[in-house]
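Descriptive structure summary
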Amino acid sequence: MTDEIPDASAPHVLGPAAAAGPVQPPLPRWASVLSIGSVWVVALVLGILIGVLARPAAYASWLSLALAVCALLSFVAQLATQQKDGFITRLAATLAGSFVVLGLVGGILAILA
């Protein structure tokens, strides 16, 4: 019996890709749609709440805050999928959609005010 410690710096027999671990299966389409669409729905709900509860002079401030909340929720929703493949694409779609939803709500509120 030898007390040899295996050399950790030696390359893996099957190469670096095999040493990284098993490949994750791709994220199902419904999970992508759910993680993106849920933040869009939150943006719409926040926009409606701003229109109902805020004074017209404070719409811009509240819409900016709602966009910041949606940005944080975008990161949370995409990190919750635990998939690194397509992360940037999903995050960009989530943020862009939130921006568009809140922009449309802001335009409607500006017309109504």
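Being a predicted model, the structure only gives us computed values, none of them experimental.

1. Regarding the overall build of the chain
- A count of helices and strands for the chain gives 4 helices and 0 strands.
- The order of α-helices and β-strands along the chain, N terminus first, is α-α-α-α.
- The burial tally for the chain puts 27% of its 113 residues in the buried class.
- In the chain, of all internal contacts separated by at least 6 residues, the share reaching a separation of at least 24 is 71%.
- For the chain, the accessible area works out to roughly 8,200 Å², and carbon and sulfur atoms hold 74% of it.

2. What about the packing of helix α2 (residues 29-53) against helix α4 (residues 87-112)?
- Close contact between α2 and α4 brings their axes to 9 Å; oriented N to C, the two are set at 20°. Taken as axis vectors, α2 and α4 run roughly parallel relative to one another. The hand of the α2/α4 crossing is right-handed. The segment α2 lies against α4, with S32, S35, I36, V39, W40, A43, L44, G47, I50 and G51 engaging R90, A93, T94, G97, S98, V101, L102, V105 and L109.
- Partitioning the contact of α2 with α4 into residue classes produces 11 nonpolar, 7 polar and 1 charged.

3. Comments concerning the nonpolar core
- A43, I50, Y59, L63, C70, L102 and L109 are the most contacted members of the largest nonpolar core, which totals 13 residues.
- Put simply, the parts of the chain that give this core at least two residues each are α2, α3 (59-80) and α4.
- Here this core gets 5 residues from one element, more than from any other, and that element is α3.
- Sequence-distant contacts of L102, that is, excluding residues within four places in its chain, are made with A43, G47, L63, A66, L67 and C70.

4. Some words on α3
- Across its 22 residues, α3 extends 31 Å between first and last C-alpha, which sits within 8% of the 32 Å expected from 1.5 Å per residue.
- Along α3, the residues classified as buried are Y59, L63, A66, C70, S74, A77 and Q78. Projected down its long axis, α3 shows its buried positions confined to an angular sector of 95°, all on one face. Turned more than 90 degrees off the buried face of α3, the exposed positions are S61, L72, V76 and L79.

5. A short note on the packing of α2 against α3
- Remark: α2 packs on α3, axes separated minimally by 10 Å, with the N-to-C direction vectors making an angle of 160°. With respect to each other, α2 and α3 are oriented roughly antiparallel. Our pair here, α2 against α3, has a crossing hand that is right-handed. Only Y59, W62, L63, A66, V69, C70, L73, S74, A77 and Q78 of α3 make contact with α2, whose side of the interface consists of S35, I36, V39, V42, A43, L46, I50 and G51.
- Tallied by class, the residues present in the contact of α2 with α3 amount to 14 nonpolar, 4 polar and no charged.

6. Some details on the environment of A77
- Its location among the elements puts A77 in helix α3.
- Looking at A77, the relative accessible area reads 16%, which means it is buried.
- Along the primary structure A77 and L34 are separated by 43 residues, whereas in three dimensions their C-alpha atoms are 9.1 Å apart.
- Not counting residues within four places of it along the chain, the set of residues in contact with A77 comprises S35 and V39.

Criteria and thresholds
- Residues numbered from 1 in each chain as written.
- Predicted model: local features only at pLDDT ≥ 70, side-chain atom pairs only at ≥ 80, totals over all residues.
- Heavy atoms only, no water.
- Helix = DSSP H or I, 4+ residues; strand = E, 2+ residues; numbered from the N terminus.
- Buried < 20%, exposed > 50% of the residue type's maximum accessible area, 1.4 Å probe, protein only.
- Contact = heavy atoms within 4.5 Å.
- Areas by Shrake-Rupley, 256 points an atom, 1.4 Å probe, with all protein chains shown as cover.
- Axes fitted to C-alpha atoms, helices over the stretch in contact; angles between N-to-C directions.
- Parallel < 35°, antiparallel > 145°, perpendicular 65-115°, else oblique.
- Left-handed = near helix turned anticlockwise from the far one by under 90°.
- Nonpolar A, V, L, I, M, F, W, Y, C, P; charged D, E, K, R; others polar.
- Core = buried A, V, L, I, M, F, W, Y, C linked by side-chain atoms within 4.5 Å.
- Expected span 1.5 Å × (residues − 1).
- Arc of directions from axis to C-beta.

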